[in-house]
Amino acid sequence: FQTPQELLATGKGLQRLLPIRAAAEYLGVSRATIERLVYRGELPIVKVAGSTRYDVEDLDGYIETNRRRIRKRTA
């Protein structure tokens, strides 16, 4: 198993559809968290021949949707 970053570094390219372990690593969370996000409808899945895959674009969209900017408090 190689991370998306390792695939890019080796020149093998980046897979668009990832298995759950790679999707979890991509987001920096556990497999259980990925399953929870799917259950809540926060993260879509792609079914390929009965296997569940996660689209990198959906993962990036999840990151962008949940991006927070820290605001500085004014005194």
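Please refer to the structure higher up on the page.
Here is what the cut-offs are and how they apply
Residues numbered from 1 in each chain as written. Predicted model: local features only at pLDDT ≥ 70, side-chain atom pairs only at ≥ 80, totals over all residues. Heavy atoms only, no water. Pairing = 2+ DSSP bridges. Helix = DSSP H or I, 4+ residues; strand = E, 2+ residues; numbered from the N terminus. Buried < 20%, exposed > 50% of the residue type's maximum accessible area, 1.4 Å probe, protein only. Contact = heavy atoms within 4.5 Å. Polar contact = N/O pair within 3.5 Å; in protein donor to acceptor, adjacent residues only side chain to side chain.

One face of the sheet, then the other: side chains in a regular strand alternate in exactly this way. Examined bridge by bridge, strand S1 (residues 17-18) and strand S3 (residues 51-55) share two bridges and lie antiparallel to one another. Each bridged residue has a counterpart across the sheet, and for Leu17 the counterpart in S3 is Asp55. Relative to S3, strand S2 (residues 46-48) runs antiparallel, the two being bridged by three bridges. Looking at the pairing, Val48 lines up with Ser51 of S3. Between the end of S2 and the start of S3, which pair antiparallel, lie two residues, with Ala49 showing a positive phi angle near 50°.

Read from one edge of the open sheet, three strands run S1-S3-S2, paired in antiparallel fashion. Each end of this open sheet is capped by a strand with a single partner; those strands are S1 and S2.

Once that is clear, we can look at the environment of Ile45. Position of Ile45 relative to the elements: it lies in the loop between helix H3 (31-39) and S2. Using a relative accessible area of 38% as the deciding quantity, one classes Ile45 as partly exposed. For the pair Ile45 and Leu17, spaced 28 residues apart in the sequence, the C-alpha separation amounts to 9.5 Å. Contact partners of Ile45, with chain neighbours within four places excluded, come to Val38, Thr52, Arg53 and Tyr54.

Here we take up the side chain of Asp55. Looking at the element boundaries, Asp55 is found in strand S3. Residue classification places Asp55 among the buried residues on the basis of a relative accessible area of 10%. A polar side-chain atom of Asp55 sits 3.0 Å from a polar atom in the side chain of Arg16.

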